[in-house]
Amino acid sequence: MTLSDLFGRLRKDKDGSDTEAIAADAPVCPSRVLSPFLAGLATKQRPVLLDLGPVVGSNVTFFGEEVGCKIFVEDLSADLDRHVREGKVQELPAFFERRFPQESETVDGILCWDIFDHMERSAAERLASQLTRLLRPDGLLLAFFGTADPRSLPRPTYTRHVVVDKSHLQYRPYQAARPKQKPSVNRDIQRLFEHLKITENVLLKTNLREVLFRKPALAATSSSAGTPVQP
Amino acid sequence: MWKRDEGVKPASDVAPSAQPPQTMPGTPQAAPRPQIGRDAVNIGKSVVIKGELSGSEDLTIEGQVEGKIELKDNVLTIGANGKIKAQVFAKALIVLGEVTGNVTASDKVEIRDGGSVDGDIVSPRVAIAEGAHFRGSVDMQRKAAPSTQHAKPAPQAVAAAAAAPQPVAR
């Protein structure tokens with residue numbers, strides 16, 4: 001983000017206008033892991049995708065048409081905000097235990113975006129454990145982790161990630177109930193998903209770490225035949 | 001001769017010039033009438049229906065419907081005041097109000113700004129506007145054969161990019 005972007009954003013926020021009003025000005029950044037994520041899903045027959053971000057119509061269209069998948073939209077940022085407003089943040093780990101009604105190993109791809117930046121370690125661990133449970137063997141999980149100090153941000157925001165094309169995302173901030181939590185270091189990220197294998201780990205110039213995880217096919221149960229193994 | 005012409009002309013000038021303004025504003029008023037009468041039916045705000053609703057005309061619902069709606073060859077529009085708790089089967093569904101229930105559309109589903117859908121959508125085309133609410137799953141049947149997977153992405157990526165608001169290149 002450039003300074004002009006930042007000042008422009010501040011100016012609009014002072015006017016009291018909704019943060020979403022800046023959507024058209026939101027920066028477009030390259031993504032190094034989206035393309036391999038899509039390529040991995042494309043090898044699967046009628047893949048199931050779980051999107052943990054807010055609903056973005058163009059993303060639904062993109063993923064639906066690009067990989068012909070069934071998409072579940074589960075906006076966790078709304079859940080987080082609700083817990084913060086009700087003063088029940090400490091209940092988040094228990095909430096994540098029962099948040100996903102899907103059966104184990106039924107999802108081929110998960111788009112976490114940067115949701116882990118917004119929660120404490122205990123909640124993040126419980127969520128990661130649930131997502132690992134949902135993921136099919138050889139399934140993919142995409143997650144972003146900020147490396148910058150969240151206190152440097154002018155106001156707490158979530159980010160709506162809009163897919164521009166296979167290798168670019170637009171970041172559209174919108175208001176959050178509380179700021180991002182302490183950034184996770186590499187080791188924390190690895191421990192968070194200890195049962196998954198990191199296939200891509202890229203630190204962008206924007207101080208965002210993009211990580212692509214894959215659930216090892218070796219962990220597959222014998223009943224999981226039919227999902228091709230990606231080398 | 002001259003006097004007669006002058007006398008006639010003003011009268012004939014006034015009439016045509018006065019009539020068009022009447023017909024111009026009248027035309028747009030008249031236009032919706034045939035649509036409502038012939039192709040589209042409205043269910044008003046105060047109407048509450050519980051049960052099964054089916055038909056072969058385009059339908060706009062501004063009231064409340066609970067149960068099942070079947071308009072397999074027609075367009076169903078849920079108006080801004082419409083509240084639906086039903087399974088919906090339609091050719092196309094346009095949502096400006098609230099829908100709770102699973103939706104199957106053979107052509108498309110559009111959730112407009114302010115519209116809300118809680119349920120699973122099955123349709124080859126789905127458009128969800130910014131400001132719309134959606135919770136559930138979307139199942140879009142892929143049109144091309146699996147063998148054309150690698151050739152297909154380019155135009156679709158362009159289409160998706162075009163659908164998104166103009167990005168700022170960096």
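Everything numeric in this text was worked out from a predicted model, so none of it was measured.

Draft legend 1. Quick peek at the overall build of chain B. Within chain B one finds three helices and eleven strands. Per-residue burial over chain B gives 27% buried out of 170 residues. For chain B, contacts bridging at least 24 residues in sequence account for 2% of all contacts bridging at least 6.

Draft legend 2. Spotlight on the overall build of chain A. A tally of helices and strands in chain A yields seven helices and nine strands. Once local pairs closer than 6 in sequence are excluded, the contacts in chain A between residues at least 24 apart make up 72%.

Draft legend 3. Broad picture of helix α2 (residues 34-42) of chain A. By the burial criterion, the buried members of α2 of chain A are Leu-34, Phe-37, Leu-38, Gly-40 and Leu-41 of chain A. Down the axis of α2 of chain A, the buried side of the element spans an arc of 160°, and every buried residue falls inside it.

Draft legend 4. Representation of unusual backbone geometry in the model. Residue and element names in this part refer to chain A. The phi dihedral of Glu-105 is positive, around 55°, even though this residue is not glycine. Unlike most non-glycine residues, Trp-113 shows phi in positive territory, near 50°. Among the structural elements, Trp-113 can be located in strand β4 (residues 107-113).

Draft legend 5. Just the sheet that holds strand β1 (residues 28-30) of chain A, in detail. Residues and elements named next belong to chain A. In spatial order, the strands read β1-β7-β6; together these three strands make up an open sheet with antiparallel pairing. Where the open sheet ends on each side, the last strands, each with one partner, are β1 and β6 (157-165). Averaged over neighbouring strand pairs, the angle between their axes works out to 35° when direction is ignored. Sheet topology places β1 next to strand β7 (residues 168-175); three bridges connect them, and they run antiparallel. Its bridge partner being in β7, Pro-30 is matched across the sheet by His-168.

Draft legend 6. Geometry of the nonpolar core. Ile-110, Cys-112, Leu-141 and Leu-142 of chain A together with Leu-76, Val-88 and Leu-93 of chain B are the most contacted members of the largest nonpolar core, which totals 85 residues. In this structure, Cys-112 of chain A is in contact with Leu-52, Leu-141, Leu-142 and Ala-143 of chain A, ignoring residues within four places of it in sequence.

Draft legend 7. Highlighting the environment of Phe-116 of chain A. Residues and elements named next belong to chain A. Mapped onto the elements, Phe-116 comes out in the loop between β4 and α6 (121-134). For Phe-116, a count of 28 C-beta atoms within 10 Å gives the class buried. Residues Phe-116 and Phe-37 lie 79 residues apart in sequence; the distance between their C-alpha atoms is 19 Å.

Draft legend 8. Inspection of the confidence of the model for chain B at higher detail. All names here are of chain B. Averaged over every residue, the pLDDT of chain B is 73; residues scoring 70 or more account for 59%. Considering only residues more than four positions removed or in separate chains, one finds that residues 1-37, a stretch of pLDDT under 50, has two contacts. In the predicted complex, the global pTM is 0.73; the interface-specific ipTM is 0.76.

Draft legend 9. Structural context of the environment of Leu-59 of chain B. Among the secondary structure elements, Leu-59 of chain B is positioned in strand β3 (residues 58-61). Expressed as a C-alpha distance, the spacing of Leu-59 of chain B and Leu-71 of chain B, which sit twelve residues apart in the sequence, is 8.2 Å.

Draft legend 10. The arrangement of the pairing of strand β5 (residues 83-95) of chain B in detail. Residue and element names in this part refer to chain B. Pairing geometry for strand β4 (residues 64-78) and β5, over twelve bridges, is parallel. Of the residues in β5, the one forming a bridge with Gly-67 is Ala-86. By the bridge criterion, three bridges tie β5 to strand β6 (residues 98-100) in an arrangement that is parallel. Within the sheet, the bridge partner assigned to Lys-83 lies in β6 and is Glu-98. Across seven bridges, the pairing between β5 and strand β7 (residues 103-111) is parallel. Across the sheet, the residue bridging to Ile-94 is Glu-110, located in β7.

Draft legend 11. Region of interest: helix α3 (residues 57-67) of chain A. All names here are of chain A. Burial runs high along α3: eleven of the eleven residues are buried. Of the residues making up α3, those classed as buried are Gly-57, Ser-58, Asn-59, Val-60, Thr-61, Phe-62, Phe-63, Gly-64, Glu-65, Glu-66 and Val-67. After α3 finishes, the residue Gly-68 shows a positive phi value of roughly 60°.

Draft legend 12. Representation of the environment of Ala-128 of chain A. All names here are of chain A. By the secondary structure assignment, Ala-128 is in helix α6. Overall, Ala-128 belongs to the buried group, with 23 C-beta atoms counted inside 10 Å. Sequence spacing of Ala-128 and Leu-192 is 64 residues, and the spatial spacing of their C-alpha atoms is 6.3 Å. Each residue touching Ala-128, except ones within four places of it in the same chain, is listed here: Leu-192 and Phe-193.

Draft legend 13. Representation of the confidence of the model for chain A. Residue and element names in this part refer to chain A. Within chain A, residue pLDDT values average 84, and 84% of them lie at 70 or more. The spread of mean pLDDT over the elements of chain A runs between helix α1 (residues 3-14), the lowest at 45, and β4, the highest at 97. Here residues 1-22 scores under 50 on pLDDT; set against residues more than four positions off or in separate chains, the count is 17 contacts. Note on residues 220-231: pLDDT is under 50 here. Beyond four places in sequence and across chains, it has 15 contacts.

What counts, and at which threshold
Sequence order as written defines residue numbering, which begins from 1 separately in each chain. Starting at A for chains and at 1 for ligands, labels are handed out in the order in which the entities are written. Local features in this predicted model are restricted to residues whose pLDDT is 70 or higher, and side-chain atom pairs enter the listing and the counts only when it is 80 or higher, whereas totals over whole chains, interfaces and linings include all residues. Per the convention used, a helix needs a DSSP run of H or I reaching at least four residues, while a strand needs a run of E reaching at least two, with both numbered from the N terminus. Burial is judged by counting the other C-beta atoms within 10 Å of a residue's own C-beta: 20 or more makes it buried, 12 or fewer makes it exposed, and any count in between marks it as partly exposed, with every C-beta position built from the backbone. Whether two residues are in contact is decided by their C-beta atoms, placed from the backbone, lying within 7 Å. This arc is built from the directions going out from the helix axis to the C-beta atoms. Pairing between two strands is assigned when DSSP locates at least 2 bridges connecting them. Each axis is a line fitted through C-alpha atoms, taken for helices only over the stretch in contact, and angles between the N-to-C directions span 0 to 180 degrees. To define a nonpolar core, we join buried Ala, Val, Leu, Ile, Met, Phe, Trp, Tyr and Cys residues through C-beta atoms within 7 Å and take the resulting set. Known as pLDDT, the predictor's per-residue confidence is scaled from 0 to 100.

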